[in-house]
Amino acid sequence: MSAESLITIMNKLHKMHKSLYELAVKKTDIVKTGDTAALDQLLKEEQAHVAAIHKLEQQRAAVSNAILPGASLQQIAEANPANKEQLLSIKAELLAVISEIKVRNNLNQQLIHQSLQFINFSKSLVLPQEKEFNYGPPAGKKAKPGPSTGMFNSKA
């Protein structure tokens, strides 16, 4: 295996991550509009992207181990001076896209959390809550007459 094949795989990883970022941007708009059907479809697309990225990552690890076993990308770049610039630049681009994805996913998580809070608040307005917190039989049921279970027997 050569550094060129590693560069090819890294370029594919970069494209897949950019596509995943675009899906995250679409997800933000879908969450804002509240379209659950579109969100479901987008999540399926996202899962397909993640599976493809996982497969490419396994290929990248295999190629990296074939080039220089147990080495990091930085070490592989140092060992291949002809491809060093290209490897380091694609690494930097990939890290930038991954950090953008993290920021966007954090925003989406906050939006979904706020949507759930709003749903729970709306639900609590529509459905009345029981406000009686007394001990005893439930409301509408009368206590059964019978022997007292208390400590003192007043009939004695």
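Residues numbered from 1 in each chain as written. Predicted model: local features only at pLDDT ≥ 70, side-chain atom pairs only at ≥ 80, totals over all residues. Heavy atoms only, no water.

Right, let's talk about the overall build of the protein for a bit. Regarding its fold elements, the protein presents 4 helices and 0 strands. Counted from the first residue to the last, the protein has its helices and strands arranged as α-α-α-α. Counting across all 156 residues of the protein, residues that qualify as buried make up 24%. When the accessible surface of the protein is summed, it comes to about 11,800 Å², and 58% of that surface belongs to carbon and sulfur atoms. (Helix = DSSP H or I, 4+ residues; strand = E, 2+ residues; numbered from the N terminus. Buried < 20%, exposed > 50% of the residue type's maximum accessible area, 1.4 Å probe, protein only. Areas by Shrake-Rupley, 256 points an atom, 1.4 Å probe, with all protein chains shown as cover.)

A few words on the nonpolar core. In terms of nonpolar packing, the biggest core is built from 20 residues, with Leu-6, Met-10, Ile-76 and Leu-87 touching the most fellow members. Per-element accounting of this core gives the leading share, 7 residues, to helix α1 (residues 3-33). When neighbours within four sequence positions are excluded, Met-10 is seen to be in contact with Arg-60, Leu-73, Ile-90, Lys-91 and Leu-94. (Core = buried A, V, L, I, M, F, W, Y, C linked by side-chain atoms within 4.5 Å. Contact = heavy atoms within 4.5 Å.)

So, about the side chain of His-17. As for its position among the elements, His-17 is in helix α1. Setting aside residues no more than four positions away along its own chain, His-17 makes contact with Ile-53, Leu-94, Val-97, Ile-98 and Ile-101.

All right, on to helix α2 (residues 36-67) then. Taking 1.5 Å per residue, 32 residues should reach 46 Å; α2 reaches 46 Å between its end C-alpha atoms and fits that length. All of the buried residues along α2 are Leu-39, Leu-42, Glu-46, His-49, Ile-53, Leu-56, Arg-60, Val-63, Ser-64 and Ile-67. At its buried positions, α2 is contacted by α1 and α3 (73-79). (Expected span 1.5 Å × (residues − 1).)

What follows deals with a nonpolar patch on the surface. Together, Ile-112, Leu-116, Phe-118, Ile-119, Phe-121, Leu-125, Val-126 and Leu-127 make up a nonpolar patch on the protein surface, roughly 850 Å² of accessible area in all. Along the polypeptide, Leu-116 turns up in helix α4 (residues 84-126). Classification of Leu-116 by relative accessible area gives partly exposed; the value is 49%. (Patch = residues over 30% accessible without salt bridge, like charges linked within 9 Å, V, L, I, M, F, W, Y side chains within 5 Å. Salt bridge = Lys/Arg side-chain N within 4 Å of Asp/Glu carboxyl O.)

Here we come to α4. When the terminal C-alpha atoms of α4 are compared, their 63 Å separation across 43 residues agrees well with the 63 Å that a helix rising 1.5 Å per residue should span. Restricting attention to buried positions, one finds in α4 the residues Leu-87, Ile-90, Leu-94, Val-97, Ile-101, Asn-108 and Leu-111. Of the surrounding secondary structure, the elements contacted by the buried residues of α4 are α1 and α3.

The geometry of α1 relative to α2 is characterised by a closest axis approach of 9 Å and an angle of 160° between their N-to-C directions. Our classification of the angle between α1 and α2 gives roughly antiparallel. Crossing of α1 over α2 shows left-handed handedness. (Axes fitted to C-alpha atoms, helices over the stretch in contact; angles between N-to-C directions. Parallel < 35°, antiparallel > 145°, perpendicular 65-115°, else oblique. Left-handed = near helix turned anticlockwise from the far one by under 90°.)

Turning to the environment of Leu-6, a few remarks are in order. With respect to the helices and strands, Leu-6 occurs in helix α1. In this structure the C-alpha to C-alpha distance between Leu-6 and Ile-67, which are 61 residues apart in sequence, comes to 8.9 Å. When sequence neighbours within four positions are dropped, the list of residues in contact with Leu-6 reads Arg-60, Val-63, Ser-64, Ile-67, Leu-73, Ile-76 and Leu-87.

Inspection of every chain in the model, using the stated rule, returns 4 salt bridges. Two residues, Lys-27 and Glu-46, come together in a salt bridge whose shortest N-O distance is 2.9 Å. Within this pair, whereas Lys-27 is found in helix α1, its partner Glu-46 is found in helix α2, the two being separated by 19 residues in sequence. An identical accessibility class is assigned to Lys-27 and Glu-46; each is buried. Salt-bridge contacts for Glu-57 lead to Arg-60; the nearest nitrogen and oxygen are separated by 2.5 Å. Note that Glu-57 and Arg-60 are positioned in helix α2 at a spacing of 3 residues, about one turn of the helix. Exposure remark for Glu-57: the relative accessible area of 32% places this residue in the partly exposed category.

Interpretation in functional terms is not warranted from these geometric data alone.
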